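Listed below, chain by chain, are the residues.
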Amino acid sequence: MNAMQQHMIDSYRASVLGTPLPPQPGVHDWQVARELGAEMARGPGLLRTLRARLRRAAERPGTPSG
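Student: Would you mind going over the overall build of the protein chain in detail, with residue names and values included?
Tutor: Of the regular secondary structure elements, the protein chain holds 3 helices and 0 strands. Order of helices (α) and strands (β) in the protein chain, N terminus to C terminus: α-α-α. Against the globule reference of 11 Å for 66 residues, the protein chain gives a C-alpha radius of gyration of 15 Å, more extended than a compact globule. Burial analysis of the protein chain (66 residues in total) assigns 6% to the buried set.

What follows is the structure, encoded as structure tokens:
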């Protein structure tokens, strides 16, 4: 499943549940890249923090894998 298909499913789910629609794929990419670059310039601690958060998120039950 690609990002657009996932967005379509998430949009349908949001409309059924009456919750706000998710942003389209790629809308915030430049902002995330800019913020990540700024954080990386501060020091190497962010990379460890990101890896730990990703690891915890992957271990969470109900998280889709693959």
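Student: How would you sum up the side chain of Ser 11? Please name residues and give values.
Tutor: Here Ser 11 is to be found in helix H1 (residues 3-17). If sequence neighbours within four positions are ignored, Ser 11 has contacts with Leu 21 and Pro 22.

Student: Lay out H1 in plain terms, naming residues and giving numbers.
Tutor: If you check H1, its first and last C-alpha atoms are 21 Å apart, about what 15 residues at 1.5 Å a residue would give, namely 21 Å. Those residues of H1 that fall on the buried side of the exposure criterion are His 7, Ser 11 and Ala 14. An end-on view of H1 places all buried positions within 65° of arc, on one side of the element. Exposed positions of H1 whose direction lies more than 90 degrees from the buried face are Met 8, Tyr 12, Val 16 and Leu 17. Taking the backbone nitrogen of Met 4 as reference, a side-chain oxygen 3.1 Å away marks Asn 2 as the first, capping residue of H1. Where H1 terminates, the next one or two residues include Gly 18, which has phi positive at roughly 75°.

Student: Report on the environment of Arg 13, specifying residues and quantitative values.
Tutor: Along the polypeptide, Arg 13 turns up in helix H1. Sequence separation between Arg 13 and Arg 53 is 40 residues, and the spatial gap between their C-alpha atoms is 26 Å.

What counts and what doesn't
- Residues numbered from 1 in each chain as written.
- Predicted model: local features only at pLDDT ≥ 70, side-chain atom pairs only at ≥ 80, totals over all residues.
- Heavy atoms only, no water.
- Helix = DSSP H or I, 4+ residues; strand = E, 2+ residues; numbered from the N terminus.
- Rg over C-alpha atoms; globule rule 2.2 N^0.38 Å.
- Buried < 20%, exposed > 50% of the residue type's maximum accessible area, 1.4 Å probe, protein only.
- Contact = heavy atoms within 4.5 Å.
- Expected span 1.5 Å × (residues − 1).
- Arc of directions from axis to C-beta.
- Polar contact = N/O pair within 3.5 Å; in protein donor to acceptor, adjacent residues only side chain to side chain.

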